[in-house]
Amino acid sequence: MDESIASLDKRIELMRQHMDGMTQIVPWARETGFKVTRVERGQVWGVQPFAEHLVGDVDAQVIHGGAITTLLDNLSGMACAASLEEFRFVATLDLRIDYMRPADSGRDIIGEAECYHVTKSVAFTRAWAYHESRDKVIATAQGAFAINKPRPKASLGVPE
Amino acid sequence: MSETLTRGQQLESFLERVPIVQTLGMRCDIKGDDMTAVLPFQDKLIGNFTIKALHGGAIGTFLEMTAMAQLFLVSDVERPARTINITVDYLRQGRAEDLFARARVIKLGRRMASVTAEAWQSARDKPVAALHGHFLLNRSGEPQS
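Residues numbered from 1 in each chain as written. Chains lettered and ligands numbered in written order. Predicted model: local features only at pLDDT ≥ 70, side-chain atom pairs only at ≥ 80, totals over all residues. Heavy atoms only, no water.

### A closer look at the overall build of chain B
Put simply, the test is: Numbering goes from the N terminus for both helices and strands, where a helix is a DSSP run of H or I of at least four residues and a strand is a run of E of at least two. Throughout, radius of gyration means the C-alpha value; the globule benchmark is 2.2 Å times the number of residues raised to the power 0.38.
Scanning chain B for helices and strands turns up three helices and eight strands. In chain B, the order of α-helices and β-strands from amino to carboxyl end is α-α-β-β-β-β-α-β-β-β-β. On C-alpha atoms alone, chain B measures out to a radius of gyration of 15 Å, which is about the 15 Å that the 2.2 N^0.38 rule sets for 145 residues. Projecting the C-alpha coordinates of chain B onto the three principal axes gives extents of approximately 50 × 30 × 25 Å.

Encoded structure:
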């Protein structure tokens, strides 16, 4: 195994050890209350618990799409971090979200993101939001992330 | 009751009841069918501590709400529209300052609408983010899918 792969594996291991920390250092993630639940190479899973303060449809008591934007944007960025051979900070260039069906009131939303292609300067992602499985998806997302010059590791919640 | 309220007043009373709007701390400055949304800076809106940047999710939520609010303002539906899809372009880092946004309804159809929105901070011609979205108009008595 070459050195760069080893460092990605090491970073994924660090992300796994700091799943709570990765959202704790992000104030808006703390506000929405989502958690990272699983990290694999190029893939990250998380959960957005139902929360009354995020409701956007008062009559149906359903969480606003913006909470799904937050969840999928953040997980997609983390999927890039779990995919780049060398450590880089990424910034969202654009994110498209399609809403397939409304979320159910009172239920947690699971998010899943993957980074499926990386060039020198851009990483491409797909993401899904659902209650049970991707067969019955609430929303899908497609994103592009700019890969920035090296930054301190602390900016991604991974200690030096 | 809604007979006596202007569209802007209806929008304001609706926004007051929406938890996510209160969580963001967003407000709308409405003059007739013209509206500027304001997101006063708060620490909780930050996404990256080290560079003090606003979270893309907070910016996206704000832009989506701004688009929905503008659509409500210029249409005659009783309930807010439902989002079909949105694309958010992140053009500049959102700094730790107030964020403003304006939206424009590009096409208002019977069932669907196309809306764009743009957010900026110190200068209108230096947008922080831009949104384009399609929305399903919520007409009462018609089935939703």
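### A closer look at the overall build of chain A
Going by this rule: Only protein chains enter the area calculation, which uses a 1.4 Å probe; residues under 20% of their type maximum are buried, those over 50% are exposed, and those in between are partly exposed. The Shrake-Rupley method, run with a 1.4 Å probe sphere, supplies the accessible areas, and residue values consider only the shown protein chains as cover. In this tally Asp and Glu are treated as negative and Lys and Arg as positive; neither His nor the chain ends contributes. Charged side chains are reduced to one point each, which is NZ for Lys, CZ for Arg, CG for Asp and CD for Glu.
When helices and strands are counted, chain A shows four helices and eight strands. Each helix (α) and strand (β) of chain A, taken in turn from the N terminus, gives the series α-α-α-β-β-β-β-α-β-β-β-β. Radius of gyration (C-alpha) of chain A: 15 Å, near the 15 Å computed for a compact globule of 160 residues. Along the first, second and third principal axes, the C-alpha set of chain A runs to 55 × 25 × 25 Å. Taken across its 160 residues, chain A has 52% of its residues classed as buried. Here chain A has roughly 7100 Å² of accessible surface; of this, 50% comes from carbon and sulfur atoms. Between the centroid of the 18 positive side chains of chain A and the centroid of its 22 negative side chains there is a distance of 6 Å.

### A word on the nonpolar core
Convention followed: By nonpolar core we mean a set of buried residues, namely Ala, Val, Leu, Ile, Met, Phe, Trp, Tyr and Cys, connected to one another through side-chain atoms within 4.5 Å.
By size, the foremost hydrophobic cluster in this structure holds 86 residues, and its most contacted members are L11, M26 and L63 of chain B. Broken down by element, this core gets its largest block of residues, 11 residues, from helix α3 (residues 56-74) of chain B.

### Description of the packing of helix α4 (residues 65-81) of chain A against α3 of chain B
Between two packed helices, the angle of one axis relative to the other and the distance separating the axes together describe the packing. Convention followed: Here an angle of 0 to 180 degrees is reported between the N-to-C directions of two axes, which are lines fitted to C-alpha atoms, with helices fitted over the stretch in contact. If an angle is under 35 degrees, it is roughly parallel; if it is over 145, roughly antiparallel; if it lies from 65 to 115, roughly perpendicular; otherwise it is oblique. In this scheme the handedness of a crossing depends on how the near helix is turned from the far one: anticlockwise by less than a right angle means left-handed, clockwise means right-handed. Contacts are assigned to residue pairs that have any heavy atoms within 4.5 Å of one another. Note that Gly is not counted as nonpolar here; it falls among the polar residues with everything else outside the nonpolar set of Ala, Val, Leu, Ile, Met, Phe, Trp, Tyr, Cys and Pro and the charged set of Asp, Glu, Lys and Arg.
Two numbers describe how α4 of chain A lies on α3 of chain B: the axes approach to 8 Å, and their chain directions differ by 155°. By the angle between their directions, the pair α4 of chain A and α3 of chain B is classed as roughly antiparallel. Here the hand of the crossing between α4 of chain A and α3 of chain B comes out right-handed. For the pair formed by α4 of chain A and α3 of chain B, the contact residues are G65, G66, A67, T69, T70 and D73 of chain A on the first element and G56, G57, A58, G60, T61 and E64 of chain B on the second. Within the contact of α4 of chain A with α3 of chain B, the residues separate by chemical class into two nonpolar, eight polar and two charged.

### What to know about unusual backbone geometry
All names here are of chain A. Notably, Q61 is not glycine yet its phi reads approximately 55°, a positive angle. Inspection of the secondary structure puts Q61 in the loop between β3 (55-57) and β4 (62-63). Of the residues examined, Q61 reaches a relative accessible area of 29% and is grouped as partly exposed.

### Looking at the environment of K44 of chain B
Relative to the helices and strands, K44 of chain B resides in the loop between β2 (34-39) and β3 (46-48). Here K44 of chain B falls in the partly exposed class, since its relative accessible area comes to 22%. Note: C-alpha distance between K44 of chain B and R102 of chain B (58 residues apart in sequence) is 22 Å. Excluding anything up to four places from it in sequence, K44 of chain B contacts P27, W28 and E31 of chain A together with T23 of chain B.

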